[in-house]
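Understanding the architecture of this molecule
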Amino acid sequence: MCEERKRKMDIHIQLADMKNIDSCIDILQKSDLGKAYFSDHQKAANMLTYAVGQENIYVALDENEKCLGFIYYMTNGVFGSYPYLHIVAVKEEYRNYGIGKQLMKFFEDNATDSSSAKYFLTVDDFNPRAKKLYDNLGYKCVGELTDFYKEGINCYLMMKRRG
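Residues numbered from 1 in each chain as written. Predicted model: local features only at pLDDT ≥ 70, side-chain atom pairs only at ≥ 80, totals over all residues. Heavy atoms only, no water.

1. Quick notes on the overall build of the chain
As a reminder, the rule being used: Every helix listed is a DSSP run of H or I at least four residues long, and every strand listed is a run of E at least two residues long, numbered separately from the N terminus. For every residue, the accessible area obtained with a 1.4 Å probe (protein chains only) is divided by the maximum for its type, and the residue is called buried under 20%, exposed over 50%, and partly exposed between those limits. Contacts were defined at the residue level, with two residues in contact if any of their heavy atoms lie within 4.5 Å. Each accessible area is a Shrake-Rupley estimate made with a 1.4 Å probe; only the visible protein chains count as cover when residues are assessed. When charges are counted, neither His nor the chain ends are considered; positive counts come from Lys and Arg and negative counts from Asp and Glu. For the purpose of locating charges, the reference atoms are NZ of Lys, CZ of Arg, CG of Asp and CD of Glu.
Regarding its fold elements, the chain presents six helices and seven strands. Beginning at the N terminus, the succession of helices and strands in the chain can be written as α-β-α-α-α-β-β-β-α-β-α-β-β. Dimensions along the principal axes, computed over C-alpha positions, put the chain at roughly 40 × 35 × 35 Å. Burial statistics for the chain: of 163 residues in total, 45% are counted as buried. In the chain, once contacts between residues fewer than 6 apart in sequence are set aside, the share between residues at least 24 apart is 58%. Surface accessibility of the chain: about 9,100 Å² in total, with carbon and sulfur atoms responsible for 47%. Of the side chains in the chain, 22 bear a positive and 23 a negative charge, and the two mean positions are spaced by 5 Å.

2. A few points about helix α5 (residues 99-110)
The cut-off we apply is this: Helix span is expected to be 1.5 Å times the residue number reduced by one.
For α5, which comprises twelve residues, the first-to-last C-alpha distance of 16 Å matches the rise-based estimate of 16 Å (1.5 Å per residue) to within 8%. Considered for burial, the residues of α5 that qualify are I99, G100, Q102, L103, M104, F106, F107 and E108.

3. Overview of the environment of A44
As for its position among the elements, A44 is in helix α4 (residues 41-54). In sequence terms A44 and G34 are ten residues apart; their C-alpha atoms lie 8.1 Å from each other. Residues in contact with A44, not counting those within four places in the same chain, are I25, L28, Q29 and F38.

4. Describing the pattern of salt bridges
Note the following rule: The salt bridge definition used is simple: a Lys or Arg side-chain nitrogen within 4 Å of an Asp or Glu carboxyl oxygen.
Enumeration over the complete set of coordinates arrives at five salt bridges. One salt bridge in this structure joins K105 and D109, with 2.6 Å as the shortest N-O distance. Remark: D109 and K105 occur in helix α5; sequence separation between them is four residues, near one turn of the helix. Looking at D109, the relative accessible area reads 45%, which means it is partly exposed.

5. Section: the sheet that holds strand β4 (residues 82-90)
This is how it is decided: Pairing between strands is defined by DSSP: at least two bridges between them are needed. To get an axis, fit a line to the C-alpha atoms, keeping to the stretch in contact for a helix; angles then go from 0 to 180 degrees between the N-to-C directions.
In space, the seven strands of this open sheet follow the order β1-β2-β3-β4-β5-β7-β6, with mixed pairing throughout. The open sheet has two free edges, formed respectively by β1 (12-15) and β6 (140-150), since each of these has just one partner strand. Neighbour to neighbour, the strand axes of the sheet diverge by 30 degrees on average, direction disregarded. Seen against the sheet, α5 touches β1, β2 (57-61), β3 (67-78), β4, β5 (118-124) and β7 (153-161) and runs at an angle of roughly 160 degrees to β4.

6. Some details on the side chain of D62
Its location among the elements puts D62 in the loop between β2 and β3. Buried charge without a salt bridge: D62, with K66 as the nearest opposite-charge side chain at an N-O distance of 5.6 Å.

Structure (structure tokens):
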């Protein structure tokens, strides 16, 4: 089973629409991030509905169009100039199949066309698995934000330069 889980899963990534919302809410609420910030169903639904309306959320679908994960980013989310990854989440039973890496590659390939791009994200101190993924993808910690989103939870601001 361990060998099988290391292989890359074939997915396609596309712009999310309202038919994906329920799957995205479920994935989010079952993630560590969702448990910390989006345990209220309506709060999660409002945020994701807004993201769909802004065309800032993309879903990872398998060959049967089942939603396995999503990524929500803003192209000019940092200082009005740089892409900011707001959320990446993968359905628990599909983690370690490379879906998160594929979503991150999609973000980096599509969030900007600037050859000197800088990409930003925050990761919470309670999520060392995500931080390790970002470290492995070349993101560097450029600051720590104490009690940023929620008291008692510190965030690491991370950045990656294209190239």
